[in-house]
Amino acid sequence: MNHAPPSSARIREERLLINHCRDFSAAYMGIQYIGRQAADYPHTVTHQTLDALFSVFETAGFEKAKQAFFLYHEAACTLVDIGRTMENEIIRTIVPKLATLLIKSSGNRLRALSQALGRLADNCPAPDTPSFPNTITPLDIQFSGLVEKFTPPGMALPTEMQWTWKGRSLIARTETKIMGVIKFATTLHNINEIHWEAVWMDWFSKNPSGAENLVPKPVCIRDRYLFNITDELPEASPGTLYGSACIVFIPCPGYYEYPNLEGSDREQIQRSFFKSSLALGRLSSQGLFHTALIPLFHNRVQQNRRNDNGRYLWEHAGRLDQWLNSSLFPNFAASGLRDFEHIACQTKRLDLEHYTGEYLLSFILVAGSCFRNKAPHRRGTDNSQPHVDTRDLFCPDLFESLLTGVCEHYFKGLTEFETFDPAPFNIPALIEKLIEKMGRDEHMQEALRVQDQLAMDDEQFEQFLTERGVTDIPAKGEKDIILITGPHLGEFNQPISIPELIEFLFKFSAFCVSSFFLKKHHCTRNLSPG
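So, about helix H12 (residues 351-372). The end-to-end C-alpha distance of H12 is 31 Å, a good match for the 32 Å that 22 residues give at a rise of 1.5 Å each. The element H12 is extensively covered by neighbouring structure, given that 22 of its 22 residues are classed as buried.

If you want it as structure tokens, here you go:
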């Protein structure tokens, strides 16, 4: 290895950046030059090298530049690439400094720092995660053969057991408990997904994410979790099922007790939020993610023609579609996490940052729905005002305790650090903004574009509008049709109405990634965000 000192050209470039003597283009090229030199000769990195790169964030003239994000991103990524080597004591100061700068930043600087720190994630999936074949042949079986698995061998089924449909699940219950659930596929692809869910249930029973998180018990017959019922069901099935492919499981206590049900008390809500966020943190530390804690969309209508399938990517800070509807049935409950068909292994380095932010966003929306569900009829518009104002339903103290507790429990699950300081994230100020926008239904409209209308046949077009309350069906494809489908967070085709929420997600998710990185590299001291 060449142990020569840094070149005189690099030393000169570093001094020019520190003294704010470079214009935008020259600074960008200087950062790239320093980055190449540091990558080739990491032992030559000095305090001056770091001061030069950090000075870019302090140069006032860069902040208002049109391409400021790209300059900040280049500097931040260069620092992260140097910092991830943990080569020496000087380099080991980089990540803590970046995390401190992150918390104090906003706008382009915050986004650049957050995305750069997100690259620190290098966690891999747990080595014993289940594998899934491309094709699964379900076991043909009569209905009675599945139902007998609801009780231990030799024990008769209760005579008072009754059957009810809950969405696509057929539930057997007595007056005191749920005996079992038969969950059906709704599409051809969903057959694979429900099979994955049963396999993941079995995996979680052997690899618990914490004693607090309870997992249903899947029924397995002749080494199969996927079944095809060959005879009649006891109750008429909904029209959304795809044949008779199904899985069967014995639910754990609290599996259907959603935290936002009307009448849930403070302790029930907190217990559900906190045990679920702790479990998510532990899963994230293993490179496992729940990809649909709630369904999040930027635009549901355009699911079939957008590259992102209309799904919400919080990093883009766009309008959030039908937030209250998305929160109706969250995939966490009194038992903890649920709907394991959405568990996935890490595929990209940025997954940890993305899902950390998505989890926090989901918890925040469900928390808002806990308050709104006290009076579900108060929604949209009324005769006395242009939009309904439900801010009186919100309890700021409970909202703050939920968000703070979720952050603390997720952080603990991810890093195993016992303490988390919420003060630098200014959660009380965020809660005030959230109540202002989530408590007032200012954005109720969306547009059904001509292009989306033409993608439907006549029957689909009429059904789509009827389901959204349209009684006088207009001609198809002549002009955009305005629909009242909210509340949304933001106007149609506009940014989200709570930009402070996105800034919070950038800060918290990147801070978690940074802390997890330091923990994995044997830095036992908790990273301070302040």
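That covers the picture; the talk isn't over yet.
Our focus in this paragraph is helix H5 (residues 68-83). With 16 residues, H5 extends 22 Å from end C-alpha to end C-alpha; this agrees with the ideal 22 Å at 1.5 Å per step. Burial of H5 is extensive: twelve of the 16 residues sit out of reach of the surface. Those residues of H5 that fall on the buried side of the exposure criterion are Ala68, Phe69, Leu71, Tyr72, Ala75, Ala76, Cys77, Thr78, Leu79, Val80, Ile82 and Gly83.

The next point concerns the packing of helix H7 (residues 107-118) against helix H17 (residues 499-520). One can describe the packing of H7 onto H17 by two numbers: an axis separation of 9 Å at closest approach and a directional angle of 30°. When the axis of H7 is compared with that of H17, the two are roughly parallel. Crossing of H7 over H17 shows left-handed handedness. Residues Gly107, Leu110, Arg111, Ser114, Gln115, Leu117 and Gly118 of H7 form the contact with H17, whose participating residues are Glu503, Phe506, Lys507, Ser509, Ala510, Val513 and Ser514. Class assignment of the residues belonging to the contact of H7 with H17 gives a composition of five nonpolar, six polar and three charged.

Inspection of the entire model under this criterion finds 29 salt bridges. For the salt bridge of Arg338 with Asp339, the shortest nitrogen-to-oxygen distance reads 3.9 Å. Note on Arg338: relative accessible area 4%, which makes it buried. With a closest N to O distance of 3.7 Å, Glu416 and Lys519 form a salt bridge. Of the two residues, Glu416 is situated in the loop between helix H13 (396-415) and helix H14 (427-438) and Lys519 in helix H17; the sequence distance between them amounts to 103 residues. Among the charged side chains, a network of salt bridges with common partners joins Arg168, Lys183, Glu197, Arg338, Asp339 and Glu341.

By size, the foremost hydrophobic cluster in this structure holds 128 residues, and its most contacted members are Phe273, Phe399, Met438 and Phe504. In terms of residues, this core owes the most to one element, H17, which gives 13 residues. In this structure Phe504 touches Leu360, Ile364, Leu403, Cys407, Phe425, Ile427 and Leu430, once residues within four positions along its chain are discounted. With 20 residues, the next largest nonpolar core counts Met161, Ile182, Val219 and Ile221 among its residues.

Positionally, Ser401 belongs in helix H13. Residues Ser401 and Pro428 lie 27 residues apart in sequence; the distance between their C-alpha atoms is 9.6 Å. Discounting chain neighbours no more than four positions away, the residues touching Ser401 are Arg266, Gln270 and Phe274. A distance of 3.1 Å separates a polar atom in the side chain of Ser401 from a polar atom in the side chain of Gln270.

Along the chain, the position of Arg119 falls in the loop between H7 and strand S1 (139-141). On the accessibility criterion, Arg119 (25% relative accessible area) is partly exposed. Not counting chain neighbours up to four residues away, the residues in contact with Arg119 comprise Cys77, Val80, Asp81, Arg84, Arg349 and Leu350. Polar side-chain contacts of Arg119 include one of 2.8 Å to the side chain of Asp81.

Looking now at the pairing of strand S3 (residues 169-173). When you tally the buried positions in S3, you get four out of five residues, the bulk of the element. Sheet topology note: the strand S2 (residues 162-166)/S3 ladder contains five bridges and is antiparallel. Bridging across to S3, Thr164 finds its partner in Ile171. Here S2 folds back onto S3 in antiparallel fashion, the turn holding two residues, of which Gly167 has a positive phi close to 65°. Of the pairings in the sheet, the one linking S3 to strand S4 (residues 178-184) comprises five bridges and is antiparallel in character. Residue pairing in the sheet places Arg173 in a bridge with Ile178 of S4.

Another aspect to go through is the confidence of the model for the protein chain. Scored by pLDDT, the protein chain comes out at a mean of 91, with 94% of its residues at no less than 70. Ranking the elements of the protein chain by mean pLDDT puts helix H4 (residues 60-63) last with 87 and H14 first with 98.

Mapping Ser114 onto the fold places it in helix H7. In this structure, Ser114 is in contact with Leu102, Glu353, Phe506, Ser509 and Ala510, ignoring residues within four places of it in sequence.

Right, let's get into the packing of aromatic side chains. With the rule as written, the count across this model stands at 36 aromatic pairs. Ring plane angle 55° and centroid distance 5.1 Å describe the contact between Phe143 and Trp163, whose orientation is recorded as tilted. Note that Phe143 is positioned in helix H8 (residues 143-147) and Trp163 in strand S2, a separation of 20 residues in sequence. Pair check on accessibility: Phe143 and Trp163 agree, each one buried. Judged by centre distance (6.2 Å) and plane angle (35°), the ring pair of Phe411 and Phe417 falls under tilted. An aromatic cluster of at least three residues, connected via ring pairs, comprises Phe289, Tyr355, Tyr359, Tyr410, Phe411, Phe417, Phe420, Phe425, Phe504, Phe508 and Phe511. For the cation-ring pair, Arg468 lies above Phe464, with the distance from its terminal atom to the ring centre recorded as 3.6 Å.

Once that is clear, we can look at the packing of H12 against H13. Viewed as axis vectors pointing N to C, H12 and H13 meet at an angle of 155°, and their least axial separation amounts to 10 Å. By the criterion of interaxial angle, the relationship of H12 to H13 is roughly antiparallel. Classified by chirality, the crossing of H13 by H12 is right-handed. Mapping the contact onto sequence places Leu352, Thr356, Tyr359, Leu360, Phe363, Ile364, Ala367, Gly368 and Phe371 in H12 and Leu398, Phe399, Leu402, Leu403, Val406, Cys407, Tyr410 and Leu414 in H13. Each residue belonging to the contact of H12 with H13 can be placed in one class, and the counts come to 15 nonpolar, two polar and no charged.

Cut-offs used in this document
Residues numbered from 1 in each chain as written. Predicted model: local features only at pLDDT ≥ 70, side-chain atom pairs only at ≥ 80, totals over all residues. Heavy atoms only, no water. Helix = DSSP H or I, 4+ residues; strand = E, 2+ residues; numbered from the N terminus. Expected span 1.5 Å × (residues − 1). Buried < 20%, exposed > 50% of the residue type's maximum accessible area, 1.4 Å probe, protein only. Axes fitted to C-alpha atoms, helices over the stretch in contact; angles between N-to-C directions. Parallel < 35°, antiparallel > 145°, perpendicular 65-115°, else oblique. Left-handed = near helix turned anticlockwise from the far one by under 90°. Contact = heavy atoms within 4.5 Å. Nonpolar A, V, L, I, M, F, W, Y, C, P; charged D, E, K, R; others polar. Salt bridge = Lys/Arg side-chain N within 4 Å of Asp/Glu carboxyl O. Core = buried A, V, L, I, M, F, W, Y, C linked by side-chain atoms within 4.5 Å. Polar contact = N/O pair within 3.5 Å; in protein donor to acceptor, adjacent residues only side chain to side chain. Pairing = 2+ DSSP bridges. pLDDT = per-residue confidence, 0-100. Phe/Tyr/Trp six-rings, centres within 6.5 Å; stacked < 30°, edge-to-face > 60°. Lys NZ or Arg CZ within 6 Å of the ring centre and 35° of its normal.

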